[in-house]
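# Notes for the structure review
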Amino acid sequence: MVFKHSYLNVFLESHCMDMIQTTQKSSFPITEVNTTVSVQMGKKVLLSCPPVTLTKALVITWVITPRGGPVCIIAYKADTKETRENNCTDRRITWASTPDLSPDLQITTVALEHAGYYSCEIAASECYCQKGHDLQVLVPPEVTLFSGENRTAVCEASAGKPAAQIFWTPDGDCATKSEPHSNGTVTVRSTCHWEQNNVSAVVCSVSHSTGNRTLSIELNRGTAGTLHSLLTILYVKCGLLGIVLLNIAFAFFQKRNYFRSNEEPRTLAHMYWRTKTVLRQGVGLMDEADREGRDFLSELMMPVLIKYFSLFWFPTMK
């Protein structure tokens, strides 16, 4: 097995390089461990080195190979406690502590560009050990669910990494499409149709490495159902309008009767004196001998005339 010791030529002094070359040619055991690490975007991750006694470590080197990016090398020389870096610009990638206390590496806030291979190589007096981490960055998808036309529903898991899986309850006639993006994320869209009228609501379940999501929605009823709903709304509005008009009419008639009841006494009184005046004028045309009975005639005819006029002008009076 051959390790990439040529990376150290940039950083180490000539006497240190002699030591590394001697170690490589010696009979010291070479160990290699590789693991896969999955971490959600935005989280913190700690990458460990092989278990080597730090007092026996001579050189600690991290070789970072991001996917699609330049190689970054961080090297620490134990005897001089020097740290050198080459082509490393991301300040989110740092030692977890000081290298003499812990050789582990940490990424404070994981982003998509941090996906790649991270190798910790330790040259010690007892071995040359290496531990690699295949870092995979997980991106939770944005899940949406909305209803379409003619009893269909659409469930979408946008920009997830890896691609999400979509399931429906109850099962329907479904079509699923995946759309990959340049940054490695994938959008998955599933469109389902249900013929059965007894299916009124459906559930979309999205399965993903970062967590599962479940959303539900009611199906539309198609054209007939929409027309029925519109007619129902129209009937309700007409009913409410009728109630409002009845209330207005009731208030109007109640107010009119109120004013009529207040005016009728004044009208009857006016009729009384007007009728009495007319009778007296008529009686005044009689002979002098007959004038003695005018007051009696006036008083006798007054109730009859008032009753007649009241029935003619106010039919509602009793």
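Every chain is numbered on its own, with residues counted from 1 as its sequence reads. Since the coordinates come from a predicted model, pLDDT governs what is reported: local features require at least 70, and pairs of side-chain atoms require 80 or more to be given and counted, while whole-chain, interface and lining totals use all residues. Note: side-chain values were computed over all heavy atoms of the structure, leaving out hydrogens and water.

### Description of the sheet that holds strand S16 (residues 213–218)
Spatially, S12-S15-S16 is the arrangement adopted by the three strands of the open sheet, whose pairing is antiparallel. On the outer flanks of this sheet lie strand S12 (165–169) and S16, each paired with one strand and no other. Put simply, the sheet's adjacent strands are angled 20 degrees from each other on average, direction ignored. Two strands qualify as a pair provided DSSP detects at least 2 bridges between them. Secondary structure elements follow DSSP: runs of H or I of four or more residues count as helices, runs of E of two or more count as strands, with numbering from the N terminus. Where S12 lies against strand S15 (residues 201–207), five bridges are found, and the strand directions are antiparallel. Its bridge partner lying in S15, Thr169 is registered against Val203. Axis angles are defined between N-to-C directions and span 0 to 180 degrees, where every axis is a line fitted to C-alpha atoms and, for a helix, only to the segment in contact.

### Remarks on the pairing of strand S3 (residues 57–66)
Exposure categories follow from relative accessible area, calculated using a 1.4 Å probe and restricted to protein chains: below 20% of the type maximum is buried, above 50% is exposed, and the middle band is partly exposed. The element S3 is extensively covered by neighbouring structure, given that eight of its 10 residues are classed as buried. For S3 and strand S8 (residues 116–124), the ladder comprises nine bridges, and the chain directions are antiparallel. Its bridge partner being in S8, Pro66 is matched across the sheet by Gly116.

### Observations regarding the packing of aromatic side chains
Only rings of Phe, Tyr and Trp enter the pairing, Trp through its six-membered ring, and a pair is recorded when the two centres are within 6.5 Å. The plane angle decides the type: under 30 degrees is stacked, over 60 is edge-to-face, the rest tilted. In the structure shown here, the tally under the stated rule is one aromatic pair. Residues Trp168 and Trp194 carry aromatic rings whose centres are separated by 5.4 Å and whose planes lie at 70 degrees to one another, so their mutual orientation is edge-to-face. Here Trp194 lies in the loop between strand S14 (186–193) and S15 and Trp168 lies in strand S12, a separation of 26 residues in the sequence. The buried category is assigned to Trp168, whose relative accessible area is 8%. Trp194 gets classed as buried once you look at its relative accessible area, which sits at 1%.

Function-wise, these values are silent; they only describe arrangement.
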